[in-house]
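This is what each chain is made of:
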Amino acid sequence: MSPPPPADIETIAQDFELLEDWEDKIQHTIELGRALAPLDEADRTEANKVSGCASQVWLSSRKVEGPHGPVMEFHGDSDALIVRGLVALALAFYSGRSPQ
């Protein structure tokens, strides 16, 4: 069973426009991370681990066939809530797009 798709980047941008306080924006980022689909244990490899981060971060990618040709599918996770939210933002922006 495939995980749910990441949140739509346009929807996320609209949500952030409604938030005036930076603390609310940080909290929203954390909530996006909490909603992120769990990363498969098989993807928690040293090759997928982002080096140089103070937190533990994993990013995996796959090229899959989309309705209009190949697209990239990204998955990720972090042990830090705010970083997990930033991962969710990156996934929303890049997943489902052409490799080009």
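Look up: the structure comes first, before these words.
Residues numbered from 1 in each chain as written. Predicted model: local features only at pLDDT ≥ 70, side-chain atom pairs only at ≥ 80, totals over all residues. Heavy atoms only, no water.

Before going further, it helps to examine the environment of Lys25. Summarising the element assignment, Lys25 is placed in helix H2 (residues 22–34). Note: C-alpha distance between Lys25 and Lys63 (38 residues apart in sequence) is 32 Å. Setting aside anything within four residues of it in sequence, one finds Lys25 in contact with Phe16 and Leu19. (Helix = DSSP H or I, 4+ residues; strand = E, 2+ residues; numbered from the N terminus. Contact = heavy atoms within 4.5 Å.)

Within this structure, the stated rule accounts for one aromatic pair. Ring centres of Phe93 and Tyr94 lie 4.9 Å apart, and the angle between their planes is 80 degrees; this geometry places the pair in the edge-to-face category. Note that Arg44 overlies the ring of Trp58, its terminal NZ or CZ placed 4.7 Å from the centroid. If you follow Arg97 out to its NZ or CZ, it ends over the ring of Phe93, 4.8 Å from the centre. (Phe/Tyr/Trp six-rings, centres within 6.5 Å; stacked < 30°, edge-to-face > 60°. Lys NZ or Arg CZ within 6 Å of the ring centre and 35° of its normal.)

Attention now goes to helix H1 (residues 9–18). Residues of H1 that are buried include every one of Ile9, Ile12 and Phe16, and no others. Projected down its long axis, H1 shows its buried positions confined to an angular sector of 60 degrees, all on one face. The exposed set on the far side of H1, more than 90 degrees from its buried face, consists of Glu17 and Leu18. (Buried < 20%, exposed > 50% of the residue type's maximum accessible area, 1.4 Å probe, protein only. Arc of directions from axis to C-beta.)

Geometry only, nothing functional implied.
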